[in-house]
Amino acid sequence: MQQITINSATINDLATLQQIGKQTFFETFAPHNTEENMQKYLEKSFSEEKISAELRNPDSFFFIAWEENTPVGYLKLNTGKAQTEKQDETALEIERIYVKSEYHGKKVGQLLYEKALEIARLQQRAYIWLGVWEDNHRAVNFYTKNGFVPFDKHIFMFGEEEQTDIMMKKTLA
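Given the structure is predicted, the values throughout are model-derived calculations rather than measurements. (Residues numbered from 1 in each chain as written. Predicted model: local features only at pLDDT ≥ 70, side-chain atom pairs only at ≥ 80, totals over all residues. Heavy atoms only, no water.)

**Describing the packing of aromatic side chains**
Across all of its chains, the model carries 16 aromatic pairs by this definition. Seen in terms of ring centroids, F25 and F29 are 4.6 Å apart; in terms of plane orientation they differ by 45°. Their pairing is tilted. Of this pair, F25 and F29 both sit in helix α1 (residues 14–29), four residues apart, roughly one helical turn. Here F25 matches F29 in class, with each residue buried. Pairwise contacts between aromatic rings join F25, F29, Y41, F46, Y74, Y98, W133, F156 and F158 into one cluster. K106 extends its terminal NZ or CZ atom over the ring of Y103, reaching a point 5.4 Å from the ring centre. Its guanidinium or amino end placed over the ring of Y127, K169 lies 4.8 Å from that ring's centre, counting from NZ or CZ. (Phe/Tyr/Trp six-rings, centres within 6.5 Å; stacked < 30°, edge-to-face > 60°. Helix = DSSP H or I, 4+ residues; strand = E, 2+ residues; numbered from the N terminus. Buried < 20%, exposed > 50% of the residue type's maximum accessible area, 1.4 Å probe, protein only. Lys NZ or Arg CZ within 6 Å of the ring centre and 35° of its normal.)

Following this line, the structure appears as structure tokens:
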């Protein structure tokens with residue numbers, strides 16, 4: 001594996017974010033969900049209009065992990081009103097960290113998490129929080145290993161199915 005670099009994403013990266021977003025979400029969740037729910041979610045959540053609006057939101061930040069010219073993962077952070085749940089202004093939300101399955105175990109997710117931590121510290125945030133599907137044991141373990149603790153739960157509608165997300169946070173010193 002070549003060195004991984006992490007770059008801030010702009011509107012010029014829209015197609016790349018759509019592609020890697022769809023691929024990594026599908027790899028992560030397709031085995032556990034219906035094809036119909038998966039297709040609806042991918043079409044809605046990774047449409048050009050939705051990703052474009054997210055990229056233009058001043059309270060959201062995207063980063064792409066690259067191995068040479070190949071995108072291998074990405075990160076989406078939210079502050080202020082862009083946060084998916086009502087949080088205070090001292091919070092930073094990690095909405096998405098996704099890595100291509102062939103790069104699992106190669107520390108790409110850790111590098112993306114460390115970028116989130118760097119941004120949180122630069123912005124002098126009191127804590128980082130996120131929601132993670134309770135059945136995504138790999139992700140729950142990853143965040144627990146990085147010092148996150150559960151503080152609540154919420155329902156995430158995936159098509160017609162209710163799924164429970166564990167809300168986790170890490171207080172920053």
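There's more to say after this.
**Thoughts on the nonpolar core**
In this structure, I94 and Y143 are the most contacted members of the largest nonpolar core, which totals 29 residues. Mapped by element, the contributors of at least two residues to this core are β2 (60–67), β3 (70–78), β4 (91–99), α4 (108–122), β5 (127–133), α5 (137–145) and β7 (161–171). At seven residues, α4 tops the list of elements feeding residues into this core. If we skip the residues at most four places from it in the chain, Y143 touches I94, I97, L130, V132, F148 and M168. (Core = buried A, V, L, I, M, F, W, Y, C linked by side-chain atoms within 4.5 Å. Contact = heavy atoms within 4.5 Å.)

**Quick word on the environment of G109**
Among the secondary structure elements, G109 is positioned in helix α4. Leaving out residues up to four positions away in the same chain, G109 has contacts with I97, V99 and F142.

**Quick word on unusual backbone geometry**
For E68, which is not a glycine, the phi torsion comes out positive at approximately 55°. Of note, the phi angle at K107 is positive, near 75°, even though the residue is not glycine. Structurally, K107 is set in the loop between β4 and α4.

**Side note on the sheet that holds β3**
Taken together, the seven strands give an open sheet; going across it, the order is β1-β2-β3-β4-β5-β7-β6, and neighbouring strands pair in mixed fashion. On the outer flanks of this sheet lie β1 (4–8) and β6 (149–158), each paired with one strand and no other. The average angle at which neighbouring strand axes cross in this sheet is 25°, direction not considered. Sheet analysis places β1 next to β2, joined by five bridges and oriented antiparallel. If you follow T5 over to β2, its bridge partner there is W66. Together, β1, β2, β3, β4, β5 and β7 form the strand contacts of α4, whose direction differs from that of β4 by roughly 160°. (Pairing = 2+ DSSP bridges. Axes fitted to C-alpha atoms, helices over the stretch in contact; angles between N-to-C directions.)

**So, helix α3 (residues 48–56)**
Among the residues of α3, I51, S52, E54 and L55 are the ones counted as buried. Looking down the long axis of α3, one finds its buried residues gathered within 160° of arc, a one-sided arrangement. Along α3, exposed side chains directed more than 90 degrees from the buried face belong to E49 and R56. (Arc of directions from axis to C-beta.)

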